[in-house]
Amino acid sequence: MQNDFFSKDDFTARQKNGLQQAIKHASDNSPYYRRVFGEANLNPGRIDSPADFKKIPFTTKNDLREAYPYGMAAVPLEKILRIHASSGTTGKPIVAGYTRGDLDCWAEGVARICEMAGVTSSDIAQISFGYGLFTGGFGLHYGLEWLGATVVPFSSGNTERQLSLMQDFRTNVLVSTPSFAIYMAETARDLGYSPRDFGLKIGLFGGEPCSDAMREDIENQWGLKATVNYGLTEVVGPGISGECMETAGMHILEDIYYPEIIDPKSGEVLPDGEKGELVLTPMFKEGFPVLRYRTGDITRLIPEPCPCGRTTRRMDYITGRSDDMIIIKGVNIFPSQIEEVLAGFSEVSPHYRLVLKKEKGFIKDLEIQVELTPEGFTDSFQALEALDGRIRQRLRSTLSLGPRVKLMEPKSLERTTGKAKRVFEVEQ
Ligand code: ADP
Ligand code: ZN
């Protein structure tokens, strides 16, 4: 298995070769990219410096949607062994096809991410990500097998049974979305178990943002070490970056995925440390290659080296996806900002949703529905009103906007077993 301690020279050479290989493969074999190079008047054979690389037009989610289903293929379909599609959290699904080489590269990459998080071949990992077109389940499955761990392919849902098998099988690694880990702990307590007695050691969480408050909650409840990893279907699936045991940002497998951060408005490449949209180029993808893919995810590359000694750069946690951004009365808001404010109040739980009231397609009003914790729950109207007022005030000073807050009874909002859906729209 590759490691993440390359020397600088070794690393630069790998990236240079990798990018050249990616450009060559796309321009030789992908009708889509042949057209892109033609339209941009670019000679792919001449792109051999970072400055030239920046001339390659970005590929967007919309380009991939338009290519539905097989328009991005760069190999004959008989070479494609597996198809996945994005879960469609936003818009129509996007299709990805994998060759044998792609599947191996993916599995090895995920194995590296799991190893960084502290998983070893003697661990027993339960996968509570959905198996299916979603890349999460199969991605972690083959990665953990590549590492030699014992895999329990549970898939999502059926929480009570998950818990009972987790106990019987002595599972010590949990793979899920962070919101499902919280829901499982809640269910365990409802059933009379103490989550800490399960003996979970490591959590591999991904697929959606995990705020500091959620991480703390998960770690306290389960008594495990929570690590976060990142990926997306369009580039490969999970296993693009992940945390080492320092848990201070996610190391990118930079020898496989070339990262850039751009200003989402101008498209200009930003220096390390500045926040913008993450753009990724998988360098060895054969089936459905993409060049300079705009992920829509907002983050930054961390310039400082990691205390763990790995030489791959880290990316910061995703503060939001650009298509999640809510523009209300001219103010841009990410759900994560609201979540951060809510996390400052011990009376409310991490379960919340944002209801956008729309009129003729325009957002007129935002209501934040948030559950009280059992401890925060009270019959005193006065106390609730005071809490409501304090939350609103904090929101106003953070967002320059005072949305309505609706305090809900504990456990009244629906739970999900996959990615949490936070934003709801109602047309008035
Ligand atoms: P969909 O776009 O339908 O949700 P994917 O499963 O491909 O399908 O989701 C990838 C997206 O999930 C990423 O672009 C990102 O927005 C989000 N995501 C994945 N991992 C993380 C993470 N660790 N933190 C925050 N967001 C994440
Ligand atoms: Zn590290």
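Sequence positions are assigned chain by chain, starting from 1 and proceeding in written order. The naming scheme follows written order: chains are lettered A onward, ligands numbered 1 onward. In keeping with the predicted nature of the model, local features appear solely for residues at pLDDT of at least 70, side-chain atom pairs appear and are counted solely at 80 or more, and the whole-chain, interface and lining totals rest on all residues. The side-chain figures draw on all heavy atoms in the structure; neither hydrogens nor water molecules are used.

**Description of the nonpolar core**
Here is the rule: Among the buried residues, those of types Ala, Val, Leu, Ile, Met, Phe, Trp, Tyr and Cys that are joined through side-chain atoms within 4.5 Å form a nonpolar core. Between buried and exposed lies partly exposed: a residue is buried under 20% and exposed over 50% of the maximum accessible area for its type, with that area taken using a 1.4 Å probe on protein chains only. Only runs of H or I of at least four residues qualify as helices and only runs of E of at least two qualify as strands under DSSP, and these elements are numbered from the N terminus.
Among the nonpolar cores identified, the biggest contains 87 residues, and Tyr33, Val119, Leu140, Leu144, Leu204, Trp222 and Tyr230 are the most heavily contacted of them. By residue number, the principal contributor to this core is helix H5 (residues 100–116), which donates seven residues. Judged by nonpolar contacts, the second largest core, of 21 residues, contains Phe345, Leu354, Ile368 and Leu395.

**Description of the sheet that holds strand S18 (residues 348–359)**
The condition is simple: Strand pairing requires that DSSP identify at least two bridges connecting the strands. Here the axes come from fitting lines to C-alpha atoms, over the contacting stretch only for helices, and the angles between their N-to-C directions go from 0 to 180 degrees. Whether two residues touch is decided by their heavy atoms; if any such pair falls within 4.5 Å, the residues are in contact.
Within the open sheet, the four strands sit side by side as S20-S19-S18-S21. Their pairing is mixed. Because the sheet does not close on itself, it has two edges, and the strands there are strand S20 (404–408) and strand S21 (423–427). Sheet twist, expressed as the average angle between the axes of neighbouring strands with direction ignored, equals 25 degrees. Pairing geometry for strand S19 (residues 362–372) and S20, over five bridges, is parallel. Its bridge partner lying in S20, Gln369 is registered against Lys406. Its contacts with the sheet place helix H10 (residues 335–343) against S18, S19 and S21, and it is angled at close to 140 degrees to S18.

**What to know about the coordination of the zinc ion (ligand 2)**
To keep things clear, this is the line we draw: As a rule, N, O and S atoms within 2.8 Å of a metal are its donors, except that Na, K and Ca use 3.2 Å; water is not among the atoms, so sites may look incomplete. Four donors are marked tetrahedral only if all angles between them lie between 85 and 135 degrees, whereas four are marked square planar and six octahedral if opposite donors are more than 155 degrees apart and the other angles lie between 65 and 115; the remainder are marked irregular.
Coordination sphere of the zinc ion (ligand 2), protein contribution only: Cys244 (SG), His251 (NE2), Cys306 (SG) and Cys308 (SG), at 2.1 to 2.3 Å. Around the zinc ion (ligand 2) sit four donor atoms; with metal-centred angles ranging over 104 to 116 degrees, the donor geometry is tetrahedral. For the zinc ion (ligand 2), the donor residues sit on a single chain with the sequence spacing C-x6-H-x54-C-x1-C. Placement of the pair is Cys244 in the loop between strand S8 (237–243) and strand S9 (250–252) and Cys308 in the loop between strand S13 (301–302) and strand S14 (314–315), with a sequence separation of 64 residues. Accessibility expressed as a relative area gives 22% for Cys308, which makes it partly exposed.

**Considerations on a nonpolar patch on the surface**
The condition that has to hold: To count toward a patch, a residue needs a relative accessible area above 30% and no salt bridge. Like charges then connect within 9 Å, nonpolar side chains (Val, Leu, Ile, Met, Phe, Trp, Tyr) within 5 Å. The accessible surface values rely on the Shrake-Rupley method and a 1.4 Å probe; as for residues, cover is taken only from the protein chains in view. Between Lys or Arg on one side and Asp or Glu on the other, a salt bridge is scored when a side-chain nitrogen of the former is within 4 Å of a carboxyl oxygen of the latter.
Taken together, the side chains of Tyr70, Leu77, Ile83 and Leu133 present a nonpolar region at the surface, about 360 Å² in accessible area. Along the chain, the position of Leu77 falls in the loop between helix H4 (61–66) and strand S1 (82–85). For Leu77, a relative accessible area of 42% gives the class partly exposed.

**With respect to the packing of aromatic side chains**
Going by this rule: Classification of ring pairs rests on two measures: the distance between centres of Phe, Tyr or Trp rings, Trp counted by its six-membered ring, which must be within 6.5 Å, and the angle between planes, read as stacked under 30 degrees, edge-to-face over 60 and tilted in between. We call a charge positioned above a ring when the Lys NZ or Arg CZ atom is no farther than 6 Å from the ring centre and deviates by at most 35 degrees from the ring normal.
Within this structure, the stated rule accounts for ten aromatic pairs. Between Phe53 and Tyr258 the ring centres are 5.4 Å apart and the planes differ by 90 degrees, which places this aromatic pair in the edge-to-face class. Here the residue Phe53 occupies a position in helix H3 (residues 50–53), and Tyr258 occupies one in strand S10 (residues 257–262), the gap between them amounting to 205 residues. Look at Phe53 and you get buried, because its relative accessible area is 4%. On the basis of relative accessible area, Tyr258 is assigned to the buried category, the value being 16%. Aromatic side chains Phe198 and Trp222 sit 5.6 Å apart centroid to centroid with 80 degrees between the ring planes, which places their arrangement in the edge-to-face category. Of this pair, Phe198 sits in the loop between helix H8 (178–190) and strand S6 (202–205) while Trp222 is found in helix H9 (residues 212–222), placing the two residues 24 residues apart along the sequence. We note that Phe198, like Trp222, is buried. The rings of Tyr131, Phe138 and Tyr142 are connected pair by pair, giving a single aromatic cluster. In this structure, Arg294 packs its charged tip against the face of Phe58, placed 5.6 Å from the ring centre. Looking at Lys421, its charged tip hangs above the ring of Phe424, at a distance of 5.0 Å from the centre.

**What to know about the packing of H10 against helix H11 (residues 381–399)**
Worth spelling out the cut-off: Oblique is the label for any angle not under 35 degrees, not over 145, and not in the 65 to 115 range, which are roughly parallel, roughly antiparallel and roughly perpendicular in turn. Crossing handedness is read from the near helix: turned anticlockwise from the far helix by less than a right angle, it gives a left-handed crossing, and turned clockwise, a right-handed one. Residues were grouped as follows: Ala, Val, Leu, Ile, Met, Phe, Trp, Tyr, Cys and Pro as nonpolar; Asp, Glu, Lys and Arg as charged; and all remaining residues, including Gly, as polar.
Between H10 and H11, the shortest axis-to-axis distance is 10 Å and the interhelical angle comes to 140 degrees. With respect to H11, the element H10 is oriented oblique. Crossing angle aside, the handedness with which H10 passes H11 is right-handed. In contact with Gln337, Ile338, Val341 and Leu342 of H10, H11 contributes Ile391, Arg394, Leu395, Thr398 and Leu399. Across the contact of H10 with H11, the residue classes tally to six nonpolar, two polar and one charged.

**What to know about the side chain of Thr177**
Test applied: Pairing of N or O atoms within 3.5 Å defines a polar contact, subject to two protein rules: one partner must be a possible hydrogen donor and the other a possible acceptor, and residues neighboring in sequence count only if both atoms are side-chain atoms.
Mapped onto the elements of the fold, Thr177 is located in the loop between strand S5 (173–176) and H8. Given a relative accessible area of 2%, Thr177 falls into the buried group. A distance of 2.8 Å separates a polar atom in the side chain of Thr177 from the backbone oxygen of Gly418. Residues within four places of Thr177 in sequence aside, it is in contact with Phe129, Phe205, Gly206, Glu208, Thr417, Gly418 and Lys419.

**A few points about the state of the cysteines**
Quick note on the threshold: Criterion for a disulfide: a pair of cysteine sulfur atoms at a distance within 2.5 Å.
Under the criterion given, the structure shown has zero disulfides. Cys244 provides the cysteine sulfur closest to Cys114, a residue in no disulfide bond, and the two sulfurs are 14 Å apart. By relative accessible area, which is 1% here, Cys114 ends up buried.

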